[in-house]
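Structural features, examined
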Amino acid sequence: MKLKRVISLIAGVVLCVGMLAGCGGASNSGASGDSSASSGGSEKRIIGFAQVGAESGWRTAESESIKSIPTLNSNYEVKFSDGQQKQENQIKAIRSFIAQKVDLIALDPVVETGWDTVLQEAKDANIPVVIVDRNVQVSDDSLYRCFLGSDMEEEGKKAAQIVIDQFGADAQLNIAELQGTVGSTAMVGRQKGFNAVIEEKAPNYKIIKSQTGDFTRAKGKEVMEAFLKSDGDNIDVLWSHNDDMAIGAIQAIEEYGLEPGKDIYIISCDGIKDMFELMAEGKSNAIIECNPLLGPQLLEVSEKILNGEEPDRVIKSNEGTFLQADAEKELPNRKY
Ligand code: GYE
């Protein structure tokens, strides 16, 4: 009897603690949780960062870079929100940042459209907004101060040019495309740039398969399996909008009994370490780098804005391209 009561008491305490922890952990949809420091009474400048999610190695590197802003300048604090690839979560996070009166909002938008209302709310509250990595399409440009990130269209163009350099513009080539999250700048821009160069320079290239893998390894694998099932022996090139989907696809290709990097030429965007490792093993062929380490540049532009200066409207990150022959040499230099 007594033992039973003790057990139920312990169970009750565990439940309560669990519920409390659950409350604190609600940061995924709001903005309260994973903050780098408390704001109580200090004069710190607070950046509320509404992140897309945690769908890829690139994303993890970007989150870490932005969360590390306070280590670069202790006058800053970052409130972080993971939107789990859902726009509604990101909108909630922005509203929560506005309610908390943060000094600046950084938004990495999962898709380009649908931000006008919430950005107007931030503007009405006099909170400057910096768009990071992916861009937005809004009717009024004054809804955000500047954009910091890569030129995705340029990345798509570079990818197409590498394929042309490899196979020649006159080749008959069948390409399978793994698209990123539909409606995101990374997907729209990379597809647009790639297709434009192919159309102009290599009209015999055919995109025989094209589907989204939502930028994740699991979906990249799943979609590649379907591609292979219906057209396995006809695919010459895999063009993947990011490394993670290509990594999933490499697994699918191996399971199907083909050699990735040999039977199918593979090119993807990002440049994460895992992909460099696979490329050094000969399982992939080319990487278009996209730099996720945006923390230092976000800090710089936030300083400018909060000091009353006007930032450049578009701030670009530096990036390169790498072929299989560079992989081993470049591996030790990779920071993400
Ligand atoms: O390529 C992909 C991530 O927006 C540039 O998003 C980013 C893309 C990146 O999920 O891995």
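What you see is a predicted model, and the numbers here were worked out from it, not measured in a lab. (Residues numbered from 1 in each chain as written. Predicted model: local features only at pLDDT ≥ 70, side-chain atom pairs only at ≥ 80, totals over all residues. Heavy atoms only, no water.)

**Section: the pattern of salt bridges**
Any two side chains of opposite charge can pair if their charged atoms end up close together. Tallied over the full model, the rule gives 24 salt bridges. Taking the shortest distance from any N to any O, the salt bridge between K219 and D214 comes out at 3.4 Å. Given the relative accessible area of 21%, D214 is considered partly exposed. Bridged by salt links that share partners, the residues E55, R59, E62, D108, D133 and R134 form one connected network. (Salt bridge = Lys/Arg side-chain N within 4 Å of Asp/Glu carboxyl O. Buried < 20%, exposed > 50% of the residue type's maximum accessible area, 1.4 Å probe, protein only.)

**Remarks on the site of the ligand**
Neighbouring residues of the ligand: 13 residues in total, closest E55, R134, R190, N242 and D270. Between R59 and the ligand, the recorded distance is 2.9 Å, taken from a side-chain N or O atom to an oxygen atom. In the environment of the ligand, an oxygen atom lies 2.8 Å from a nitrogen or oxygen atom belonging to the side chain of R134. Burial of the ligand by the protein chains amounts to 100% of its free accessible area of 300 Å². Looking at the shell around the ligand, the elements with two or more residues in it are α2 (57–67) and α7 (185–201). (Near = heavy atom within 4 Å. Polar contact = N/O pair within 3.5 Å; in protein donor to acceptor, adjacent residues only side chain to side chain. Areas by Shrake-Rupley, 256 points an atom, 1.4 Å probe, with all protein chains shown as cover. Helix = DSSP H or I, 4+ residues; strand = E, 2+ residues; numbered from the N terminus.)

**Structural notes on the sheet that holds strand β3 (residues 104–107)**
If you walk across this open sheet you meet the 6 strands as β2-β1-β3-β4-β5-β11, and the pairing is parallel. Where the open sheet ends on each side, the last strands, each with one partner, are β2 (76–82) and β11 (314–316). Here the strands of the sheet are splayed against their neighbours by 20° on average, with no regard to which way each runs. Against the sheet, α2 touches β1 (45–51), β2 and β4 (129–132), its axis set at about 170° to β1. (Pairing = 2+ DSSP bridges. Axes fitted to C-alpha atoms, helices over the stretch in contact; angles between N-to-C directions. Contact = heavy atoms within 4.5 Å.)

**Comments concerning the side chain of R190**
Secondary-structure assignment places R190 in helix α7. Look at R190 and you get buried, because its relative accessible area is 3%. Looking at R190, its side chain comes within polar contact range of the side chain of E155, at 2.8 Å. Those residues in contact with R190, other than ones at most four positions away along the chain, are M152, E153, E155, G156, T185, F215, W239, H241, N242, C269, D270 and C290.

**A look at the pairing of β1**
Taking burial as the measure, the 7 residues of β1 include 7 buried ones, the bulk of the element. Alternating positions in β1 separate into two faces, R45, I47, F49 and Q51 on one and I46, G48 and A50 on the other, with burial throughout. As defined by bridge partners, β1 adjoins β2 across 7 bridges and the pair is classed as parallel. Paired with Q51 across the strands is D82, a residue of β2. Bridge analysis of β1 against β3 gives 4 bridges, and the strand direction is parallel.

**Side note on the sheet that holds strand β10 (residues 286–289)**
Strand order in the open sheet made by the 6 strands is β7-β6-β8-β9-β10-β12, with mixed pairing throughout. Each edge of the open sheet is held by one strand with a lone partner, namely β7 (205–212) and β12 (321–323). Looking at each pair of strands side by side, their axes are set apart by 15° on average, direction ignored. Of the strand pairs in this sheet, strand β8 (residues 237–240) and strand β9 (residues 265–270) are connected by 4 bridges, and their pairing is parallel. Within β9, the position partnered with V237 by the bridge is Y265. The strands that helix α6 (residues 152–167) touches are β6 (173–179), β7, β8, β9, β10 and β12; relative to β9, the one it contacts most, it runs at about 160°.

**Some details on the packing of aromatic side chains**
A complete count under the given rule lists 4 aromatic pairs for this structure. When the ring of F49 is compared with that of F80, the centres are 5.9 Å apart and the planes differ by 55°; the resulting orientation is tilted. You can see F49 sitting in strand β1 and its partner F80 sitting in strand β2, a full 31 residues away along the chain. On the basis of relative accessibility, which here comes to 8%, the residue F80 falls in the buried class. Taking 5.2 Å as the distance between ring centres and 70° as the angle between the ring planes, the aromatic pair formed by F276 and F322 counts as edge-to-face. Here the residue F276 occupies a position in helix α10 (residues 273–280), and F322 occupies one in strand β12, the gap between them amounting to 46 residues. The pair F276 / F322 is uniform in exposure class, with both members buried. (Phe/Tyr/Trp six-rings, centres within 6.5 Å; stacked < 30°, edge-to-face > 60°.)

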